Amino acid sequence: MSAHINHVVVVLQQVSLEEVPAKKLRLTKPSKSAALHIDLCKATSPTDALQYLLSFARRPVEAESVEGVVRILLEHYYKESDNSVRLKIASLLGLLSKTQGFAPDCIVDDAINTLNNEKSHQVLAQLLGTLLIIGTQLPDKIAVVQRLIDVACKHLSSTYFGVRNKCLQLLGCLGTVDKPLSKETDAGPGAQTSHVRDVQSVISDYFQDQDPRVRTAAIKAMLQLHERGMKIQQTIYNQACKLLSDDYEQVRSAAVQMVWVLSQLYPESIVPIPSSNEEIRLVDDSFGKICHMVSDGSWVVRVQAAKLLGSMHQVSPHFLEQTLDKKLMSDLRRKRTAHERAKELYASGEFSSGRRWADDAPKEKVDTSGVNLIDSGACGAFVHGLEDEMYEVRISAVEALCSLAQSSPSFAEKCLDFLVDMFNDEIEEVRLQSIHVLRQISTHITLREDQLDTVLAVLEDSSRDIREALHELLCYTNVSTKDCIQLALVELLKNLTKYPTDRNSVWKCLKFLGARHPTLVLPIVPELLSTHPYFDTPEPDMDDPAYIAVLVLVFNAAKSCPTMPALFSDHTFRHYAYLRDSLSHLVPHLRLPGRKQTASSGLEASGVGSGSLESAQNFLQDSLVRVSALQNLETPGAQDLLEFTIRDLLRLGELQTELAGSADFCATYLHCQLLLTKALQEKLWTMAVPLCLKQNAKVSTAARQILDETYKLEFLYSGLETQQIATIHNIRLQAKALQLILTARSKPGVDRVLGACEKFLQDVESFQRLFMTELPHFQDSFVEKLLELMPRLTTCKPLDLVKILQTTLRQSGFIHLKLPEQIHRASATIIEPTGESDNPLKFTTGLVVALDIDATLEHVQDPQTSVKVQVLYPDGQSHIIHPKPGDFRTPGPGRVRLITQVYLSHSAWTEACQIEVRLLLAYSSSSSKQSASKPAWNESMGGLPTSESCIESTIHLSKPVKVFIMPKPARR
């Protein structure tokens, strides 16, 4: 009986266990609002509450929690009596309103209600700031915006400047021109008005506010309206002009900006001159007033005024020229007619008696009744700016002169003397900017000998940047006489003697100087080459940099002057042939009478190298069309055609520098296709793995080489469009598929193959995500076939996936390359060290020696983060050095100069050995040009610099330079 009962109990227990449903666990995040509520309730004093609020402000809040947190904050706001805590709560409300994904329209009513009972001015100002944030988050909610504007107008009558500031700021950011302000809420600085007024008239009422901070806020609010696209009324011009003489710096600064904006909006409007019947264009009047501000007591206002002058291109020429003369020009005064002068003399009874000599001669003295069209304080505005005690003002004045001179050749000639004088400024930055400015306007000017003398004096400067900027200026400057050419040559040769490291820069300068002035060089050729009509002169030393400099000048002038070679001696022709081969970038091709053409010069003369750019572009396009006709690269002769095309494109890049980037890019792409085709034709695909180890290694090397070439195509060339980058990624996927197949054949193991397959499928999905819009261009391509098979690939076994990839690779078509308009190849040339010295750098073991690096970079994107210096030691050690951002200079568009020092150190050697120094371009595939989509969790890291772990590899950017070093053992 008991056994039966036990059995029944067990059965009942089993039934009960089966009937009890399983408990489901749900993970929830802790409530931010509840935690904040508990913290604030624990606070025993305002200081504790502030501490809790400050710690809470440092923690992120999710969008779905914001509304609950706001309710808790508002609840404590109404309970709190301490102003500082309420101020912090008001600040937090504004911060929470900016949370991504949160719509703040649900808290507008509560935020406005807090204003009604608030007595503290500071808290009121902060609440208005919160309303401003909410309004900027909801620009499309017209009703909300109008309500906020009404609130701002209501509080404009506050006695506290901070409240008025915030109200004006709110009107500037949210006010609209088509919606008039409400009757009952419109208020001026005095009493309230009852008529409907627009937002600009309300803001302009506060231009005369008693507090300078409010006056500044009013002008900035008006400027904010302008930035939002609202046209400011011209009636404000007179008010803005009065504020130019305000006692406070910030008001004058904002007023200058306001006057400039109105001059751009209404340049041709006519405004009267005060206390006269004369009228003047508004842009001329505002130009004179801003000129006057260049003599302001505050250097900040002076800088701003000088900068704004440079953008006023519509001003009349005589007003522009007055800025260079401190004495008021006569054509800027109102002149009385002869009848007016005679009438005045007749009325006064003072006619010339003839007793005093020249008593009726016109006097320069300005009549007090005459009217000046420009304020006398504005005369010579640029003279004042260029002589200012603050170098920031001088730099701004120089830049403004440049901007105005570029649009007015006559003004460029007149300001030339002033710019040349700035070459003697005590501040290096001002001198450098003056040189750059003169370089920009050099097409409009020709230097006289006295001006050139002042310019060339700067070559004595110890700053390398200054000297090289001056060399660059001389490249594009026109001089007037042959004496100027001689003077420039003498000073440049002195520069070469004093600073031998300037050699390349001086040679380049003389190349352009000779090419620009062939007729001025011709008369002084016998003197430069020391030739004599009757006597033989000694042959100069070809190792002398100064003699090479003279030859560079002469040969470049001879290119445009066919009579010049008749003045050359025999050794000059030999030296030309030598320099033409060794310094071909400095010495041009010359047609010399009775001289044989070299092979390279014959090519150039026939038009291949120096022919028209158009014919070279046609040749490039024809080559691509010829290759694109190939449907299958495995057909006989297809690979030979590819090899010949690659050879032709590489040669084209050498001969036509303008197309070097495009030609090299196409050649590299075709080379990748050729490598891939040869790899797929190898015998290993039809043989067992142990029988084809050699072919396996060969194909593996080809796959690795294709990957390297695709990274070069993507990161070494600029100007690529999305279609070209997608084409590069397609061939990279083919190389990765080839590597995956080789891995599966040569290294059996499910785990290894499984991991490689997963990574490959991720790459395919990434391609689809990044280049979705480009997929129609990839008909019958490898990636298109993969995407069609994608559902099958994600479910099949790894070995089946490998078989599918092998079949797809062999069946894929050739993607034809479409070139963009212009492709530039990143390159670098190491100028120093030259690698020619046999004298080793000696240093003691354990210590360091500094090696100076001077290199030029062409078309390198973001060089400060991507360019590295590699030092390779004879024992295989490799050091990569990161240059400082300050080591990079930008002498011209697309060109960067790297001047840095590399510190070398090593253990003791028995004899001197060579190290290799080269520049590298670091890249990361994760920072691809098309990787616009980031995972959500990584958005907050977007502003951080790229970490070193992200750098995947490097590309050689320059040829290596070998330097002898000798670490000596330390003395005991």
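Residues numbered from 1 in each chain as written. Predicted model: local features only at pLDDT ≥ 70, side-chain atom pairs only at ≥ 80, totals over all residues. Heavy atoms only, no water.

## Section: the overall build of the protein
For step 1, the next point in the chain: Along the protein, the regular secondary structure elements total 40 helices and 16 strands.
For step 2, the next point in the chain: Restricting to contacts in the protein with at least 6 residues of sequence separation, those with at least 24 account for 73%.
For step 3, the next point in the chain: Carbon and sulfur atoms make up 53% of the accessible area of the protein, which amounts to about 50500 Å² in all. (Helix = DSSP H or I, 4+ residues; strand = E, 2+ residues; numbered from the N terminus. Contact = heavy atoms within 4.5 Å. Areas by Shrake-Rupley, 256 points an atom, 1.4 Å probe, with all protein chains shown as cover.)

## Structural notes on helix H4 (residues 63–79)
For step 1, the next point in the chain: Relative to the 24 Å expected for 17 residues at 1.5 Å per residue, H4 spans 26 Å between its end C-alpha atoms, a close match to the ideal helical length.
For step 2, the next point in the chain: All buried positions along H4 are accounted for by Val-66, Val-69, Val-70, Ile-72, Leu-73, Leu-74, His-76 and Tyr-77. (Expected span 1.5 Å × (residues − 1). Buried < 20%, exposed > 50% of the residue type's maximum accessible area, 1.4 Å probe, protein only.)

## Brief notes about the environment of Val-202
For step 1, the next point in the chain: For Val-202, the location among the structural elements is in helix H10 (residues 199–205).
For step 2, the next point in the chain: Measuring from C-alpha to C-alpha, the distance between Val-202 and Ala-218 comes to 9.4 Å, with 16 residues separating the pair along the chain.

## Examining empty space enclosed by the protein
For step 1, the next point in the chain: One pass over the structure, following the stated rule, counts two cavities of 30 Å³ or more.
For step 2, the next point in the chain: Of the voids in this model, the largest cavity is the one considered here, and its volume is about 40 Å³.
For step 3, the next point in the chain: Forming the boundary of the largest cavity are Leu-624, Val-627, Ser-628, Tyr-669, Leu-670, Phe-814, His-816 and Leu-817.
For step 4, the next point in the chain: Tallying contributions element by element places helix H31 (residues 613–628) first for the lining of the largest cavity, with three residues.
For step 5, the next point in the chain: Across the lining of the largest cavity, the residue classes tally to six nonpolar, two polar and no charged.
For step 6, the next point in the chain: Of the volumes computed, that of the second largest cavity is approximately 30 Å³.
For step 7, the next point in the chain: In terms of lining residues, the second largest cavity is bounded by Leu-459, Glu-460, Glu-491, Lys-494, Asn-495 and Lys-498.
For step 8, the next point in the chain: Of the residues in the lining of the second largest cavity, the class split is one nonpolar, one polar and four charged. (1 Å grid on protein atoms, 1.4 Å probe; cavity = no way out; pocket = protein on both sides within 12 Å on 5 of 7 lines; lining within 4 Å. Points joined across faces, edges and corners; volume = space filled by probe spheres on them. Nonpolar A, V, L, I, M, F, W, Y, C, P; charged D, E, K, R; others polar.)

## Overview of the packing of helix H5 (residues 83–97) against helix H7 (residues 121–137)
For step 1, the next point in the chain: With their axes 9 Å apart at the nearest point, H5 and H7 run at an angle of 5 degrees to one another. Viewed along their axes, H5 and H7 adopt a mutual orientation that is roughly parallel. Counted together, Asn-83, Arg-86, Leu-87, Ala-90, Ser-91, Leu-93, Gly-94 and Ser-97 of H5 and Gln-122, Val-123, Gln-126, Leu-127, Thr-130, Ile-133, Ile-134 and Gln-137 of H7 form the full contact between these two elements. (Axes fitted to C-alpha atoms, helices over the stretch in contact; angles between N-to-C directions. Parallel < 35°, antiparallel > 145°, perpendicular 65-115°, else oblique.)

## So, the environment of Gln-264
For step 1, the next point in the chain: Looking at where Gln-264 falls in the secondary structure, it is placed in helix H13 (residues 249–265).
For step 2, the next point in the chain: A relative accessible area of 29% means that Gln-264 is categorised as partly exposed.
For step 3, the next point in the chain: Note: C-alpha distance between Gln-264 and Met-312 (48 residues apart in sequence) is 7.8 Å.
For step 4, the next point in the chain: When sequence neighbours within four positions are dropped, the list of residues in contact with Gln-264 reads Ser-311, Met-312 and Gln-314.
For step 5, the next point in the chain: Separated by 3.3 Å, the side chains of Gln-264 and Ser-263 make a polar contact. (Polar contact = N/O pair within 3.5 Å; in protein donor to acceptor, adjacent residues only side chain to side chain.)

## Thoughts on helix H23 (residues 464–475)
Residues that lie three or four places apart on an α-helix share one face, since the helix turns once every 3.6 residues.
For step 1, the next point in the chain: In a regular helix each residue adds 1.5 Å, so 12 residues correspond to 16 Å; H23 covers 17 Å between its end C-alpha atoms and thus fits that length.
For step 2, the next point in the chain: Along H23, the positions that sit buried rather than exposed are Ile-466, Arg-467, Glu-468, Ala-469, Leu-470, His-471, Glu-472, Leu-473, Leu-474 and Cys-475.

## Focus: the pattern of salt bridges
For step 1, the next point in the chain: Scanning the model with the defined rule gives 32 salt bridges in all.
For step 2, the next point in the chain: Across the salt bridge formed by Asp-211 and Arg-213, the nearest N and O atoms sit 3.1 Å from each other.
For step 3, the next point in the chain: Take Asp-211: its relative accessible area is 13%, and that puts it in the buried class.
For step 4, the next point in the chain: Given a relative accessible area of 40%, Arg-213 falls into the partly exposed group.
For step 5, the next point in the chain: Two residues, Arg-897 and Glu-468, come together in a salt bridge whose shortest N-O distance is 2.2 Å. Pair noted here: Arg-897 is in strand S13 (residues 895–904) and Glu-468 is in helix H23, with a separation of 429 residues, a long-range link.
For step 6, the next point in the chain: Judged by relative accessible area, which is 12%, Glu-468 ranks as buried.
For step 7, the next point in the chain: It is possible to trace a salt-bridge network through shared partners that takes in Arg-464, Glu-468, Asp-854 and Arg-897. (Salt bridge = Lys/Arg side-chain N within 4 Å of Asp/Glu carboxyl O.)

## Comments concerning the confidence of the model for the protein
For step 1, the next point in the chain: Residues of the protein with pLDDT of at least 70 account for 80%, and the chain-wide mean is 78.
For step 2, the next point in the chain: Overall, residues 183–196 carries pLDDT values under 50, and its contacts beyond four positions in sequence, including any with other chains, amount to 24 contacts.
For step 3, the next point in the chain: Counting interchain partners and residues more than four positions distant, the pLDDT-below-50 stretch residues 929–951 has 21 contacts. (pLDDT = per-residue confidence, 0-100.)

## Quick word on the side chain of Asp-246
For step 1, the next point in the chain: Positionally, Asp-246 belongs in the loop between helix H12 (236–243) and H13.
For step 2, the next point in the chain: At 2.9 Å, the side chain of Asp-246 forms a polar contact with the backbone nitrogen of Tyr-248.

## Structural notes on the pairing of strand S10 (residues 867–872)
For step 1, the next point in the chain: With five of six residues buried, S10 lies mostly within the body of the structure.
For step 2, the next point in the chain: The pairing of S10 with strand S14 (residues 913–923) spans six bridges and is antiparallel. Pairing of Val-869 across the sheet is with Leu-919, part of S14.
For step 3, the next point in the chain: Adjacent in sequence and paired antiparallel, S10 and strand S11 (residues 878–881) are bridged by five residues, among which Gly-876 carries a positive phi angle near 95 degrees. (Pairing = 2+ DSSP bridges.)

## Describing the pairing of S14
For step 1, the next point in the chain: With respect to burial, S14 is a largely interior element, eight of its 11 residues being buried.
For step 2, the next point in the chain: Pairing geometry for S14 and strand S16 (residues 961–968), over five bridges, is antiparallel. Among the inter-strand pairings, Ile-915 is bridged to a residue of S16, identified as Val-963.
For step 3, the next point in the chain: Taken together, the four bridges between S14 and strand S15 (residues 953–956) define a ladder with antiparallel strand orientation.

## Section: the packing of aromatic side chains
For step 1, the next point in the chain: Overall, the coordinates contain 11 aromatic pairs when judged by the stated rule.
For step 2, the next point in the chain: Pairing Tyr-476 with Phe-512 gives two aromatic rings, centres 5.7 Å apart and planes at 35 degrees, and the pair type is tilted. Linking Tyr-476 in the loop between H23 and strand S4 (478–479) with Phe-512 in helix H25 (residues 503–516), this pair joins segments that are 36 residues apart in sequence.
For step 3, the next point in the chain: Grouped by ring-pair contacts, the aromatic residues Phe-555, Phe-568, Phe-573 and Tyr-576 constitute a single cluster.
For step 4, the next point in the chain: If you follow Arg-439 out to its NZ or CZ, it ends over the ring of Tyr-476, 3.7 Å from the centre.
For step 5, the next point in the chain: Here Arg-732 stacks its cationic end above the ring of Tyr-711, 4.0 Å away from the centre of that ring. (Phe/Tyr/Trp six-rings, centres within 6.5 Å; stacked < 30°, edge-to-face > 60°. Lys NZ or Arg CZ within 6 Å of the ring centre and 35° of its normal.)

## A short note on the packing of H7 against helix H9 (residues 161–174)
Two numbers describe a pair of packed helices, the interaxial angle and the distance between the axes.
For step 1, the next point in the chain: Where H7 contacts H9, the two axes come as close as 8 Å, and the packing angle between them is 10 degrees. It follows from the interaxial angle that H7 and H9 lie roughly parallel. Across the interface between the two elements, His-121, Leu-124, Ala-125, Leu-128, Gly-129, Leu-131, Leu-132, Gly-135 and Thr-136 from H7 touch Gly-162, Val-163, Lys-166, Cys-167, Gln-169, Leu-170, Cys-173 and Leu-174 from H9.
For step 2, the next point in the chain: Here the contact of H7 with H9 is composed, by residue class, of 10 nonpolar, six polar and one charged.

## Quick word on the environment of Ala-737
For step 1, the next point in the chain: Within the element layout of this structure, Ala-737 appears in helix H35 (residues 722–746).
For step 2, the next point in the chain: According to the relative accessible area criterion, Ala-737 is buried, its value standing at 0%.
For step 3, the next point in the chain: C-alpha of Ala-737 to C-alpha of Cys-757: the two residues are 20 residues apart in sequence and 9.1 Å apart in space.
For step 4, the next point in the chain: Sequence-distant contacts of Ala-737, defined by excluding residues within four places in its chain, comprise Phe-760, Phe-782, Leu-805 and Leu-809.

## Looking at unusual backbone geometry
For step 1, the next point in the chain: A cis amide bond links Glu-832 with the next residue in sequence, Pro-833, at an omega value of 0 degrees.
For step 2, the next point in the chain: In this structure, His-859 takes a positive phi of about 60 degrees despite not being glycine.
For step 3, the next point in the chain: By the secondary structure assignment, His-859 is in the loop between strand S9 (849–858) and helix H40 (863–866).
For step 4, the next point in the chain: With a phi angle near 50 degrees, Asp-862 is a residue other than glycine that sits in the positive phi range.
For step 5, the next point in the chain: Within the fold, Asp-862 resides in the loop between S9 and H40.
For step 6, the next point in the chain: We classify Asp-862 as partly exposed; its relative accessible area is 49%.

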